[in-house]
Amino acid sequence: MSLMYYKFNFFAIFLFLSFGLSSAQTTQKHSDSEELFNEKALLQNIRTLSSDAFEGRRTGTKGAKKAKDYIINQFYIQNVLPFSKKYEQPFTFYNKGKRFSGTNILGYIQGSQYKDKYIVISAHYDHEGIIKGQIYNGADDDASGVGALISFAEYFKNNPPKHSIILAAFDGEELGLQGSKHFVNNSIVSLNKVMVNLNMDMISRSDKKELFAVGTRFNKILKDVILNFKPSENIKLIAAHDGQDGLENWTYSSDHLSFHKKGVPFIYFGVEDHKDYHTPNDDYENIQPEFYIESVKTIISIFQKIDLLNF
Ligand SMILES: [Zn+2]
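This section reports on the structure supplied with the text.

### Description of helix α6 (residues 220-228)
Along α6, the residues classified as buried are Leu222, Val225 and Ile226. Buried residues of α6, viewed axially, fall in a sector of 90°; they line one side. For α6, exposure combined with an orientation more than 90 degrees from the buried face picks out Lys220, Leu227 and Asn228. In this fold, the buried residues of α6 make contact with β8 (194-200), β9 (210-214), β10 (236-239), β11 (266-270) and α8 (289-307). The distance from a side-chain oxygen at the start of α6 to the backbone nitrogen of Ile221 is 3.0 Å, and the residue carrying that oxygen is Asn219.

### What to know about the coordination of the zinc ion
Donor atoms from the polypeptide that coordinate the zinc ion comprise His124 (NE2), Asp141 (OD), Asp201 (OD) and Asp201 (OD), at 1.9 to 2.5 Å from the metal. Around the zinc ion sit 4 donor atoms; with metal-centred angles ranging over 53 to 145°, the donor geometry is irregular. Between consecutive donors of the zinc ion, the numbers of intervening residues give the motif H-x16-D-x59-D. On the criterion of sequence distance, the pair formed by His124 in strand β4 (residues 114-124) and Asp201 in the loop between β8 and β9 is long-range, its members being 77 residues apart. Each member of the pair His124 and Asp201 is classed as buried.

### Overview of the nonpolar core
Counting 60 residues, the largest nonpolar core has Ile121, Leu167, Phe269 and Ile306 as the members making the most contacts within it. A total of 10 residues in this core trace back to one element, the largest contributor, which is helix α4 (residues 139-158). In this structure, Leu106, Phe170, Val184 and Val194 belong to the second largest nonpolar core, which totals 15 residues.

### Some remarks on the packing of helix α2 (residues 39-49) against α8
The geometry of α2 relative to α8 is characterised by a closest axis approach of 11 Å and an angle of 110° between their N-to-C directions. In terms of axis orientation, α2 runs roughly perpendicular to α8. Our pair here, α2 against α8, has a crossing hand that is right-handed. Taken together, the residues of α8 that come into contact with α2 (itself represented by Glu39, Leu42, Leu43 and Ile46) are Pro289, Tyr292, Ile293, Val296 and Lys297. For the contact of α2 with α8, a count of residues per class yields 7 nonpolar, no polar and 2 charged.

### Observations regarding helix α3 (residues 62-77)
Taking 1.5 Å per residue, 16 residues should reach 22 Å; α3 reaches 22 Å between its end C-alpha atoms and fits that length. Turning to α3, its buried residues are Gly63, Ala64, Ala67, Lys68, Tyr70, Ile71, Ile72, Gln74 and Phe75. Packed against the buried residues of α3 are α2, β2 (88-95), β3 (98-109), α4 and β7 (163-170). At the exit of α3 stands Asn79, carrying a positive phi of roughly 65°.

### Quick word on the pairing of β10
Across 4 bridges, β9 lies against β10 in parallel orientation. From the neighbouring strand, Phe212 faces β10, where its bridge partner is Ile238.

### Some points on unusual backbone geometry
Cis geometry is found at the peptide bond from Asp141 to Asp142, where omega equals 0°. If you trace the backbone, Asp142 turns up in helix α4. One non-glycine residue, Lys132, adopts positive backbone phi at about 50°. Mapped onto the fold, Lys132 is located in the loop between β5 (129-131) and β6 (134-136).

### Quick look at the side chain of His241
Within the secondary structure, His241 is located in the loop between β10 and α7 (256-261). Excluding anything up to four places from it in sequence, His241 contacts Phe212, Val214, Leu247, Glu248, Asn249, Trp250, Thr251 and Glu272.

### Structural notes on the packing of α6 against α8
The interhelical angle for the contact between α6 and α8, taken along N-to-C directions, is 135°, at an axis separation of 10 Å. Put simply, α6 runs oblique to α8. Judged by the twist between their axes, the crossing of α6 over α8 is right-handed. Packed against α6, whose contacting residues are Leu222, Val225 and Ile226, the element α8 presents Ile302, Lys305 and Ile306 at the interface. Its residues placed into classes, the contact of α6 with α8 shows 5 nonpolar, no polar and 1 charged.

Calculation criteria
- Each chain carries its own residue numbering, running from 1 in the direction its sequence is written.
- Totals for whole chains, interfaces and linings use all residues, but because this is a predicted model, local features are given only for residues with pLDDT of at least 70 and pairs of side-chain atoms are given and counted only at 80 or more.
- For the side-chain quantities, the full set of heavy atoms in the structure was used; hydrogens and water were omitted.
- For every residue, the accessible area obtained with a 1.4 Å probe (protein chains only) is divided by the maximum for its type, and the residue is called buried under 20%, exposed over 50%, and partly exposed between those limits.
- A helix here means a DSSP run of H or I that spans at least four residues, while a strand means a run of E at least two residues long, and both kinds are numbered starting from the N terminus.
- Note that the arc is defined by the directions from the helix axis to the C-beta atoms.
- In this description, contact between two residues means that some pair of their heavy atoms is separated by no more than 4.5 Å.
- Polar contact is defined as a pair of N or O atoms within 3.5 Å, subject to the rule that within protein one atom must be able to donate a hydrogen and the other to accept it, and that residues adjacent in sequence are counted only when both atoms are side-chain atoms.
- Think of the donor list as every N, O and S atom within 2.8 Å of the metal, or within 3.2 Å for Na, K and Ca; water never makes the list, so a site can look incomplete.
- Every geometry call rests on angle ranges, with four donors termed tetrahedral when all angles are between 85 and 135 degrees, four termed square planar and six termed octahedral when opposite donors are over 155 degrees apart and all others are between 65 and 115, and everything else termed irregular.
- What makes a nonpolar core is a set of buried Ala, Val, Leu, Ile, Met, Phe, Trp, Tyr and Cys residues whose side-chain atoms join them at distances within 4.5 Å.
- Axis definition: a line fitted to C-alpha atoms, over the contacting stretch in the case of helices. Angles run 0 to 180 degrees between N-to-C directions.
- Orientation categories follow fixed angle ranges, with anything under 35 degrees roughly parallel, anything over 145 roughly antiparallel, 65 to 115 roughly perpendicular, and all other angles oblique.
- Here is the rule for handedness: rotate from the far helix to the near one, and if that takes an anticlockwise turn smaller than a right angle the crossing is left-handed, while a clockwise turn gives right-handed.
- Under the convention adopted here, Pro, Cys and the residues Ala, Val, Leu, Ile, Met, Phe, Trp and Tyr are nonpolar, Asp, Glu, Lys and Arg are charged, and Gly plus all remaining residues are polar.
- To estimate the expected span of a helix, count its residues, drop one, and scale the result by 1.5 Å.
- Paired strands are those between which DSSP finds at least two bridges.

Geometry only, nothing functional implied.
Have a look at this one:
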C-alpha cells in the first residue's frame, strides 16, 4: 500500500466515520441505550469520597464534614434542591456513652405527577474513620452508594420523576443507623406519604456479579417488579437475604431497617460481604468499576419501573 493510497483511504474512512457516528448519535438519543448518567463521573465520585483526604468519613470528624460539603456541592450542581431550607439535617446521639453530632444531607426533586408521594433514595456517607493509624476508606461501604445517589441526581436532571424524590445521604450508619433513625422519627413529610425507600449500601464489587435485592417479601408489588426485571447479561439480580431462605438476614443490616420499622416498604440493594469489608483495604483500587456501573444502571432502571406505580 502506497502512502498516497493510505492517506486517501484514511480521509475516506474519516469521512465515513464522522457521518456514521453523527447519525448513530442522533438515533441513540431516542433508543433505550441512552446513557442514564455519566459513568466516568460516577467513578470519579466514588474515588474522591474514598480517597485518604476524607480520612474515612467518621461521623463528627473533619473528613465527614468534607464529604458532606462534597455531596451538597454535587447536589447543587445537578439542580437538586434542599429538602427544607437547608440540605443539612443535624442531629445528636450517644454511642457507647459518647455524644456525637451527625448531619444527614437531604435533597429534593418535585414529582411531575404524584407531588405528594415520596420515594426516598438513600445511602450512608459515614464510615469508620482512622483506627490505630490506618484509614478505613470505605470505598464499597458506602462511597459506592453515595456515588450512585449523585448519579441519580444527574439522571433526574434529564428525566424528571413522577413521584417526589428525597435523596438522602445519611450520617451515623456505622454507629447504629443513627441518621436514618433520626430521619424517620423527625421526618418533614409524614411517613405514610413515603411509598418506598430504596437503600444502597455496598454495590460496587462482586466476584460472582451478584446484586441482591432485599425486602421484597414484605411487599407483593415490589416483589413482582424485582422478579419481572430483566437485568443485562453482565449482572445477576437476586431477591434474597430476606430471612426466609437460610441466607443471612439483611433486613437489619443498614438504613432501610429504620424505614421497615415504621412500616415503609423498602428495597435494599447490596452485595455479599467481601474480604475487605470493614478493613483498611476497602479502597477504590479494589472495587470493580464495570460491575459498579452495571449495579447503578440496574438500580436506576428498577427505579423507573417503581416510579410508574402508585401504591
Ligand atoms: Zn454500610
